[in-house]
Amino acid sequence: MAVEVLSFDLTGTLVTNEFVDYFWLELIPKLYSEKRGISLSEAKKIVFKSYDEVGDRDLRWYTPSFWLELFELGVDARSAVKLVEDKVEVYPDVEEVLEELSEDYTIIASSNLSIEFIEVALSKLGRHLFKAAFSCVSHYNSISKTPEFYAYVCSRLSVEPGSVLHVGDDPEKDCLNPVKAGLNAILLDRDFKVSRSRCNIIRSLRELKGHVDKLAKVLKPH
């Protein structure tokens, strides 16, 4: 079965995590500070304490709308996340690679970010390059990209898992889990932190085209 779909993780793969961190650590406290008429430092204490109380094992922890409503900030999630659009930083090897690969393959995003963050990231990357985007938080009610999430993605696309190649930077969520679901996977390790992996390792997205074409050629029926 030939590879036809390329699935990409977002933060750590196509864009840095800066805009997400800024939203949670700076923007939410700033909005809370302005709404309550208190100092930013005091707002941060209150907001961060609330984060800890909910905890990162709770789906709500990853959902902007939950916090905006809880803190009664009077802004919807899409509008709030849009405020950090200028913080989205695209890795320098991404634009040329996506443009080239989109000529021969269907490109999608598969992320553990909520859909609001995904939309902002894709607007910076070039929404026209992506056929679809899937959030394990917003679309699958999961805090992590599990094998079942990848199966869900394939089902939504009406494609066989073997025709999909996922690319990301997390050894478990972007390598082991998609492979368990029957997908192909490549691990992106820009910082040379991984020496061995079940998946092929690349150090730059510029290496991806050669791997994808080779894999497609190997898998394609003769």
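Look up: the structure comes first, before these words.
Because the structure is predicted, anything quoted here is derived from the model rather than measured. (Residues numbered from 1 in each chain as written. Predicted model: local features only at pLDDT ≥ 70, side-chain atom pairs only at ≥ 80, totals over all residues. Heavy atoms only, no water.)

## Section: the overall build of the chain
Cut-off, in case you're wondering: Where helices and strands are cited, they refer to DSSP runs of H or I of at least four residues and of E of at least two residues respectively, numbered from the N terminus. Should any heavy atoms of two residues lie within 4.5 Å, those residues are considered in contact. The protein chains shown are the only cover counted for residues, whose accessible areas, like all others here, come from Shrake-Rupley with a 1.4 Å probe. The charge count treats Lys and Arg as positive and Asp and Glu as negative. His and the chain ends do not count. Where a charge lies is defined by one atom per residue type, namely NZ (Lys), CZ (Arg), CG (Asp) and CD (Glu).
Within the chain, the regular secondary structure consists of 9 helices and 6 strands. Principal axes of the C-alpha set define a box for the chain whose edges measure 70 × 35 × 30 Å. Across the chain, every contact between residues at least 6 apart in sequence was considered, and the portion connecting residues at least 24 apart equals 61%. For the chain, the exposed area adds up to about 11,000 Å²; of that, 48% sits on carbon and sulfur atoms. Distance between charge centroids for the chain: 2 Å, based on 28 positive and 36 negative side chains.

## Some words on the nonpolar core
Put simply, the rule reads: Within this scheme, the nonpolar core is defined by two criteria: the residues are buried Ala, Val, Leu, Ile, Met, Phe, Trp, Tyr or Cys, and they are joined through side-chain atoms within 4.5 Å. Three labels apply to residues, based on accessible area from a 1.4 Å probe with only protein chains included: buried if under 20% of the type maximum, exposed if over 50%, partly exposed otherwise in between.
One finds Phe8, Leu10, Leu14, Phe19 and Leu205 to be the most contacted residues of the largest nonpolar core, which totals 53 residues. Residue contributions to this core peak at 8 residues, all from helix α1 (residues 18-36). If near-sequence neighbours (up to four positions away) are discounted, Leu14 is found in contact with Phe8, Asp9, Glu89, Val90, Tyr91, Val94, Leu98, Leu125, Phe130 and Leu205. Val5, Tyr62, Tyr152 and Val164 belong to the second-largest nonpolar core, a separate cluster that totals 17 residues.

## A word on the pairing of strand β5 (residues 184-188)
The condition is simple: Seen with its strands pointing away from the viewer, a crossover is right-handed if its path from the first strand over the helix to the second goes clockwise. Any two strands with at least two DSSP bridges between them are considered paired.
Burial of β5 is extensive: 5 of the 5 residues sit out of reach of the surface. Of the two faces of β5, the one lined by Asn184, Ile186 and Leu188 and the one lined by Ala185 and Leu187 are each fully buried. Assessed by its sense of winding, the connection that carries the chain from strand β4 (residues 164-168) through helix α8 (residues 172-180) to β5 is right-handed. Pairing geometry for β5 and strand β6 (residues 200-202), over 3 bridges, is parallel. Following the sheet pairing, Leu187 is matched in β6 by Ile201.

## Details of the pattern of salt bridges
For clarity, the threshold we go by: Each reported salt bridge corresponds to a side-chain nitrogen of Lys or Arg within 4 Å of a carboxyl oxygen of Asp or Glu.
Summed over all chains, the structure comprises 12 salt bridges. A salt bridge links Glu72 to Arg36; the nearest nitrogen and oxygen atoms lie 3.9 Å apart. Of this pair, Glu72 sits in the loop between α3 (64-70) and α4 (77-82) while Arg36 is found in helix α1, placing the two residues 36 residues apart along the sequence. Taking relative accessible area as the criterion, Glu72 reaches 54% and is therefore assigned exposed. Notably, a salt bridge pairs Arg190 with Asp93, separated by 2.8 Å at the nearest N-O pair. Taken together, the positions of Arg190 in the loop between β5 and β6 and Asp93 in the loop between α4 and α5 (94-101) put the pair 97 residues apart, joining distant regions of the chain. There is no split in this pair, since Arg190 and Asp93 are both buried. Residues joined in a network through salt bridges with shared partners are Asp9, Lys145 and Asp174.

## Side note on the packing of aromatic side chains
Here is the rule: Any two rings among Phe, Tyr and Trp, with Trp reduced to its six-membered ring, count as a pair given centres within 6.5 Å; such a pair is stacked if its planes are under 30 degrees apart, edge-to-face if over 60, and tilted if neither. Here, a charge over a ring is recorded when the distance from Lys NZ or Arg CZ to the ring centre is within 6 Å and its angle to the ring normal is within 35 degrees.
Under the defined criterion, the tally for this structure stands at 16 aromatic pairs. Look at Phe134 and Tyr152: their rings are 6.4 Å apart centre to centre, the planes differ by 85°, and that puts the pair in the edge-to-face class. Taken together, the residues Phe134 in strand β3 (residues 132-135) and Tyr152 in helix α7 (residues 147-157) connect sequence positions 18 residues apart. One exposure class covers both Phe134 and Tyr152, and it is buried. For the cation-ring pair, Lys87 lies above Tyr22, with the distance from its terminal atom to the ring centre recorded as 4.6 Å. Sitting above the plane of the Tyr91 ring, Arg190 keeps its charged end 3.8 Å from the centroid.

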